[in-house]
Amino acid sequence: MSNLDYLILIVLAAMVAFIPRVIPLLYFSKRKIPAWFNEWMKYIPVALFTALIAKDVFVTSHYTYNAKNLTEIISTILVFLVAAKTKSMLVTVVVGLIAIMGLALIF
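As the structure is a computational prediction, the values presented were derived from the model and not from experiment.

Asks: Can you walk me through the side chain of T76 in this structure?
Replies: You can see T76 is positioned in helix α4 (residues 67-86). At 2.6 Å, the side chain of T76 and the backbone oxygen of E72 are in polar contact. Once you skip the residues sitting within four places of it in the chain, T76 turns out to touch I53 and V57.

Below is the structure:
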């Protein structure tokens, strides 16, 4: 590939990443968002967080539990408890990182 091909690829990738973010922003910036929509949108971060975490922790290609699985399961339970208590994404992520690192050193 030539340098021009790489440049075109980078520009197209930037457009693909940028356009889906800008179009809704432009659309909703000029309209009043209904209360039911705001209420529904509060559940999106929880659903995404659960989908990302549950698959990696509880679904494996082999059905054996080892120290790695135990580390992930204990960390996940701790993170869910912290998330429910604090409702802070920053605190939840920091506790999750510390938990996974600490338990990985122990197990």
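Let's pick the thread back up.
Asks: I'm lost on unusual backbone geometry in this one. Help?
Replies: Comment: phi is negative for the bulk of residues other than glycine, and the bulk of peptide bonds are trans. Despite not being glycine, K87 has its phi angle at roughly 55°, a positive value. Here K87 lies in the loop between α4 and α5 (89-106). Owing to a relative accessible area of 71%, K87 belongs among the exposed residues under this scheme.

Asks: For this particular structure, what's the right way to read helix α1 (residues 3-29)?
Replies: Owing to its 3.6 residues per turn, the α-helix brings residues three or four apart onto one side. Across its 27 residues, α1 extends 38 Å between first and last C-alpha, which sits within 8% of the 39 Å expected from 1.5 Å per residue. Where α1 bends most, at F18, the angle is about 30°, and the proline P20 comes one to four residues later.

Rules used in this analysis
Residues numbered from 1 in each chain as written. Predicted model: local features only at pLDDT ≥ 70, side-chain atom pairs only at ≥ 80, totals over all residues. Heavy atoms only, no water. Helix = DSSP H or I, 4+ residues; strand = E, 2+ residues; numbered from the N terminus. Polar contact = N/O pair within 3.5 Å; in protein donor to acceptor, adjacent residues only side chain to side chain. Contact = heavy atoms within 4.5 Å. Buried < 20%, exposed > 50% of the residue type's maximum accessible area, 1.4 Å probe, protein only. Expected span 1.5 Å × (residues − 1). Bend = angle between axes of the 7 residues up to and from the residue.

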